[in-house]
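Tertiary structure, described
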Amino acid sequence: MKTLKIGIADYDHMKARTMAIARGERTPVSGEPKVWFTSIESFARLLSEHNRYLLELIARERPRSLTELAELAGRSKSNLSRTLKTMSQYGLVELRRAGRGRLVARVPYDQVRLDVSLTGRSSSGSAGVSP
């Protein structure tokens, strides 16, 4: 089973962490989140019940185009395209070109794991940790 680990951190912490990594002052620890959200609410919006169903549909049916996926999902292609683009920015969906300019969506993970610090301290680099 392939799992995407997600963390929650405010923008300033994410920026400081990224800059410290870029400067070589910090090395990401194995097992720490690969994807970060600024709030639990933004994470919940992206993985709404509607969008989780879409991910399940992609994984189960393996549609050969966005047009086919739109038909299966009962959604407009433009709405679906925007949603998938956002999901791809967070690694939840992979979009690749197929023959004749078709865009194909795939779900690379079976599950996500959300790491949330309740005390502001965490050894995995979650919210509240200085880079």
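Structure's up top.
These remarks concern the structure in this document. All of these numbers come straight from a predicted model, not from anything done at the bench.

This part takes up the packing of helix H3 (residues 49–61) against helix H5 (residues 77–89). Contact geometry for H3 and H5: axes closest at 12 Å, N-to-C directions at 85 degrees. Accordingly, the angle class assigned to the pair H3 and H5 is roughly perpendicular. Where H3 approaches H5, its residues Asn51, Leu54, Leu55 and Ile58 are matched on the opposing element by Leu80, Thr83, Leu84 and Met87.

Once that is clear, we can look at the pattern of salt bridges. According to the stated counting rule, one finds eight salt bridges in the structure shown. For Arg23, the salt bridge goes to Glu25, with nearest N and O atoms at 3.0 Å. Its relative accessible area of 55% is what places Glu25 among the exposed residues. When the shortest N-O distance is used, the salt bridge between Glu32 and Arg26 registers 3.2 Å. Here Glu32 matches Arg26 in class, with each residue buried. Each member of the salt-bridge network shares a partner with another, and the members are Lys5, Arg113 and Asp115.

Calculation criteria
Residues numbered from 1 in each chain as written. Predicted model: local features only at pLDDT ≥ 70, side-chain atom pairs only at ≥ 80, totals over all residues. Heavy atoms only, no water. Axes fitted to C-alpha atoms, helices over the stretch in contact; angles between N-to-C directions. Helix = DSSP H or I, 4+ residues; strand = E, 2+ residues; numbered from the N terminus. Parallel < 35°, antiparallel > 145°, perpendicular 65-115°, else oblique. Contact = heavy atoms within 4.5 Å. Salt bridge = Lys/Arg side-chain N within 4 Å of Asp/Glu carboxyl O. Buried < 20%, exposed > 50% of the residue type's maximum accessible area, 1.4 Å probe, protein only.

Interpretation note: all reported values are geometric properties and have no functional meaning in isolation.
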